Amino acid sequence: MDKEQYYPTPVSLAVKMWETFRDGSYLHRDRHILEPSAGTGDLVKAVPESRYGSNRPIVDVCEIDPERLEILGKTTGVNVVGHDFLAFEPSRLYTHIIMNPPFRLGAKHLIHAWQIVRNAEIVCLLNAETLRNPNTKDREYLQELIGAYGSVAYVDGAFLAPDTQRTTAVECALVWLKKETPVAHSYLDGLKLDNETFEFGEIRGDVTDLCLPENIIETAVRVYRAARDVLYRKLESDAVLACEYARWSSILGGSLLESDQERNKRVMQQQAARAVDSRSVQDQFNKEHDKLKEKAWNYILSGIRFYEQLSTAALKAFQAEYKKVAQLEFTEANIHGFLAGVALQRTAMTDEMMIDIFDRFTERYPDNRAYYRAWQSNAKHRAAAWRIKMSRIIIPVNCKRWGNYLDREAREALGDIDKSFAALDGKDVGGIYGLVKAALGNPIENSRRHESDYFEFRYYPGAQTVHLYPKRKDLIDRLNRTVGRLRQWLPSEEGTVTAAFWQQYEQAEKVTNQMSINTQDLSRYQCRLDNPEYVERLIQAHTETCVRLDIPLDGLLASPAAGQGGQQLLPVLP
């Protein structure tokens, strides 16, 4: 990228560029416009207001500079679809392109824009020298294009206006081009898709490293492109046949019982049958193609078992952002880039899932908690640290069933537990006999104990709770220690605390079972961990119980430096 070539478009010039379009259909709702060198979005911000109010077009953008790309990603009404425009091969059929490319590469950018459209208008700002001095093949070709399919207007002082961010006295050329590709000359006519076969099916094998075999990615892209090309050919054929049918059937006239409304419709069809509306075909293609591309990305995400690594809450958050992922062109480069990003976030995703399931076990039911003194100290902010009890865990779940279907809330709640414990055990959730499978495969309404790989469990329909009895206490301990370290309740290194610290940690359940917290003057709502008064009473009860049971609370840290100021309970919750 060449920052010296970056000249943001002044507002006055941007308005002039938008006014250069002769077809104002880009103002229709859901119409996508391409801005291939978007910078920080100066051209995007100047999109004219539609006379229809909210029917503002969507602008797809490319930008090669990472800093400017981050700004664009936060701009309303903008989809980032690519980075290097000269390597950009869009699947969407654009009807309008507006561009202010780097002057040094202006000819190459405009020629590439011409090559990637079928029926479209292009408005491009160039250095006038690009056209006045055709000393390269690209510049010669560009002059031929303008002579045959467009026009040019020269603008003096374009970057000297008062609203210019970066000034230059260079003379500019405002180029307008219009490309029309008749339906009869479709670029798809020469494709031989019928003879091509693909070995394509469910992704199998070990994908725990978030990698897919190269041939799977390559084949997925080939299949997607084949489906995309056939889609356009189908829509084009449908439009031609509909046109032909309307033309021939209209010769026979109308029915004897034809109403005025039906007659007017027939006359309109007869007029429309004179030519196929290529713009309508493109619009229909773009709508159907968005669905196709979303399926392609979902195939990749399912293949790496991406969804299995997210809790329900994290999955819902991702679904809100998924549209941005699905807007990316489905290319091998973008797939590899996405997988690399997922790999970098893998640890954070797992940590988030562990914290989510830990909180789900302990937030609503205090009886699931076993309190202990955390390793850090903070005299100003005293809060409670706790671990999940090993004996029994109560969770609120309504396990309604209709035949082989489990209530969505129950499926999500039990499924999150299955995902978390499979991850703790280093296994694929699909390969375990989890709570979801056990709930579907047993008569759980009888309130008897049933088993999954990690729990014995009992469902109480009246209370709408599930009681979990851990079979793998080592996994509960691993979950407790993982979340404890993430929240700085436990040290990241064993040597920073003494054996006495781990003694009181291991006896947390015994201490908690004998604690008596004075809450007589507190309402149920006040008995919460975000209430400082309740936390003080909890800390006091914990300390008194430890003293009564002869569990030492002094000298828990390996050195004074590790504590930074005393032995008070506990860091504040994040």
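Note that the structure is predicted; figures quoted are calculated from it, not measured. (Residues numbered from 1 in each chain as written. Predicted model: local features only at pLDDT ≥ 70, side-chain atom pairs only at ≥ 80, totals over all residues. Heavy atoms only, no water.)

Points about the confidence of the model for the protein
Stated formally: Per-residue confidence from the prediction method is given by pLDDT, with values spanning 0 to 100. Whether two residues touch is decided by their heavy atoms; if any such pair falls within 4.5 Å, the residues are in contact.
Taken as a whole, the protein shows an average pLDDT of 81; of its residues, 85% reach a score of 70 or greater. Note on residues 184-210: pLDDT under 50 across the span, and 45 contacts to partners over four residues away in sequence or across chains. Every residue in residues 559-574 scores below 50 in pLDDT, and together they form 50 contacts with partners more than four places removed in sequence or on other chains.

Observations regarding the packing of helix α9 (residues 278-303) against helix α10 (residues 312-327)
As a reminder, the rule being used: To obtain each axis, a line is fitted to C-alpha atoms, and for helices this fit is confined to the stretch in contact; angles are then taken between N-to-C directions over 0 to 180 degrees. Under the scheme used here, helices are H or I runs from DSSP no shorter than 4 residues and strands are E runs no shorter than 2 residues, and both carry numbers assigned from the N terminus. Here roughly perpendicular refers to angles of 65 to 115 degrees, roughly parallel to angles under 35, roughly antiparallel to angles over 145, and oblique to all remaining angles. It is the rotation of the near helix from the far one that decides the hand of a crossing: anticlockwise by less than a right angle makes it left-handed, clockwise makes it right-handed. Here the nonpolar group is Ala, Val, Leu, Ile, Met, Phe, Trp, Tyr, Cys and Pro; Asp, Glu, Lys and Arg are the charged ones; every other residue, Gly included, is treated as polar.
Interaxial distance between α9 and α10 falls to 9 Å at its minimum, and their mutual angle equals 115°. With respect to α10, the axis of α9 lies roughly perpendicular. Seen along the crossing, α9 lies across α10 with a hand that is right-handed. Contacts between α9 and α10 involve Lys293, Glu294, Trp297, Asn298 and Leu301 on the former and, on the latter, Phe318, Tyr322, Val325, Ala326 and Gln327. Looking at the contact of α9 with α10 residue by residue, the classes come out as six nonpolar, two polar and two charged.

A look at the sheet that holds strand β15 (residues 465-470)
Note on sheets: strands pair through backbone hydrogen bonds, and any given pair is parallel or antiparallel. Stated precisely, the cut-off is as follows: Here the rule is simple: two strands pair whenever DSSP picks up at least two bridges between them.
Strand order across the open sheet formed by four strands is β10-β15-β14-β13, with antiparallel pairing between neighbours. Edge positions in the sheet fall to β10 (393-396) and β13 (450-451), since each of these pairs with one other strand and no more. Here two bridges tie β13 to strand β14 (residues 455-460), and the two strands are oriented antiparallel to one another. Across the sheet, His450 pairs through a bridge with Phe457, a residue of β14.

Digging into helix α17 (residues 532-548)
The following threshold applies: Every helix has an expected span of 1.5 Å times one less than the residues it contains. Accessible area is worked out with a 1.4 Å probe on protein chains only. A residue is then buried under 20% of its type maximum, exposed over 50%, and partly exposed in between.
In a regular helix each residue adds 1.5 Å, so 17 residues correspond to 24 Å; α17 covers 24 Å between its end C-alpha atoms and thus fits that length. Every buried residue belonging to α17 is among Tyr534, Val535, Arg537, Leu538, Ile539, Ala541, His542, Thr545 and Cys546, and all of these are buried. Count one or two residues on from α17 and you reach Asp550, which has phi positive near 60°.

Focus on the nonpolar core
Convention followed: What we call a nonpolar core is a set of buried Ala, Val, Leu, Ile, Met, Phe, Trp, Tyr and Cys residues that are connected through their side-chain atoms within 4.5 Å.
In terms of nonpolar packing, the biggest core is built from 60 residues, with Phe361, Ile395, Cys399, Ile417, Phe421, Phe455 and Leu468 touching the most fellow members. The next biggest cluster of nonpolar side chains, apart from the first, holds 27 residues, and it includes Val59, Leu72, Leu125 and Val155.

Observations regarding the pairing of β15
It is a general feature of regular strands that their side chains alternate between the two faces of the sheet. Within β15, six of the six residues are buried, which leaves the element mostly enclosed by the surrounding structure. The pairing of β14 with β15 spans six bridges and is antiparallel. Bridge pairing in β15 places Tyr460 opposite Thr465. Taking the residues that link successive antiparallel strands as the turn, the β14-β15 hairpin has four residues, and the phi of Gln464 there is positive, at about 55°.

A few points about the packing of aromatic side chains
Where we set the bar: Between rings of Phe, Tyr and Trp, where Trp is taken as its six-membered ring, a pair exists when centres lie within 6.5 Å; planes separated by under 30 degrees are stacked, by over 60 edge-to-face, and by other angles tilted. In this scheme, Lys NZ or Arg CZ marks a charge over a ring once it lies within 6 Å of the ring centre and within 35 degrees of the ring normal.
Considering all chains together, one arrives at 19 aromatic pairs under this definition. Taking the centre distance of 6.4 Å and the plane angle of 20° together, the rings of Phe358 and Trp386 count as stacked. Here Phe358, found in helix α11 (residues 332-362), pairs with Trp386, found in strand β9 (residues 385-388); they are 28 residues apart in sequence, far enough to count as distant. Among the residues examined, Phe358 registers a relative accessible area of 0% and is labelled buried. When the centroid spacing of 6.4 Å and the interplanar angle of 40° are considered together, the rings of Phe361 and Phe421 count as tilted. A residue pair is termed long-range when its members are at least 10 positions apart, and Phe361 in helix α11 and Phe421 in helix α12 (residues 408-424) qualify at 60 residues. Here the two residues Phe361 and Phe421 agree in accessibility, since each one is buried. Members of the aromatic cluster, connected to one another through ring pairs, are Tyr224, Trp297, Phe330 and Phe338. Stacked on the ring of Tyr505, the Lys or Arg Arg387 has its end atom at 4.6 Å from the ring centre. In this structure, Arg449 is placed above the aromatic ring of Tyr469, and the distance from its NZ or CZ to the ring centre is 3.6 Å.

Remarks on unusual backbone geometry
Among all residues except glycine, the phi angle is most often negative; among peptide bonds, the trans geometry is most common. Here Gln488, not a glycine, exhibits a phi torsion of approximately 60°, which is positive. Following the sequence through the fold, Gln488 ends up in the loop between α14 (473-486) and α15 (499-506). The exposure class assigned to Gln488 is partly exposed, which follows from its relative accessible area of 41%. Positive phi outside glycine occurs at Asp550, with the angle close to 60°.

Remarks on the side chain of Lys389
Convention followed: Note on charges: Lys and Arg go in the positive column, Asp and Glu in the negative column, and His and the chain ends are not counted at all. Salt bridges are counted wherever a side-chain nitrogen of Lys or Arg sits within 4 Å of a carboxyl oxygen of Asp or Glu. N or O atoms within 3.5 Å of each other form a polar contact, as long as, within protein, one can give a hydrogen and the other can take it, and as long as residues adjacent in sequence are counted only when both atoms are side-chain atoms.
With respect to the secondary-structure elements, Lys389 resides in the loop between β9 and β10. For Lys389, which is buried and forms no salt bridge, the nearest opposite charge comes from Asp367, at a distance of 5.5 Å. Of the polar contacts made by the side chain of Lys389, one reaches the side chain of Asn513; its length is 3.0 Å. If sequence neighbours within four positions are ignored, Lys389 has contacts with Asp367, Asn368, Arg369, Ala370, Ile476, Glu509, Thr512 and Asn513.

Some details on the pattern of salt bridges
Following the criterion strictly, the structure yields 25 salt bridges and no others. A salt bridge links Arg360 to Asp416; its shortest N-O distance comes to 2.9 Å. Of this pair, Arg360 sits in helix α11 while Asp416 sits in helix α12, and the two are 56 residues apart along the sequence. Across the pair Glu451 and Lys471 runs a salt bridge, and its minimum N-O distance is 2.8 Å. Of this pair, Glu451 sits in strand β13 while Lys471 sits in the loop between β15 and α14, and the two are 20 residues apart along the sequence. Judged by relative accessible area, which is 43%, Glu451 ranks as partly exposed. Looking at Lys471, the relative accessible area reads 37%, which means it is partly exposed. Put simply, Arg387, Asp477, Arg481 and Glu506 are held in one network by salt bridges that share partners.

Observations regarding the environment of Arg139
Assignment of secondary structure puts Arg139 in helix α6 (residues 137-149). For Arg139, a relative accessible area of 18% puts it in the buried group. For the pair Arg139 and Lys108, spaced 31 residues apart in sequence, the C-alpha separation works out to 8.4 Å. Ignoring any residue separated from it by four or fewer positions in sequence, one finds Arg139 in contact with Ala107, Glu129, Thr130, Asn133 and Pro134. A polar atom in the side chain of Arg139 sits 3.3 Å from the side chain of Asn135.

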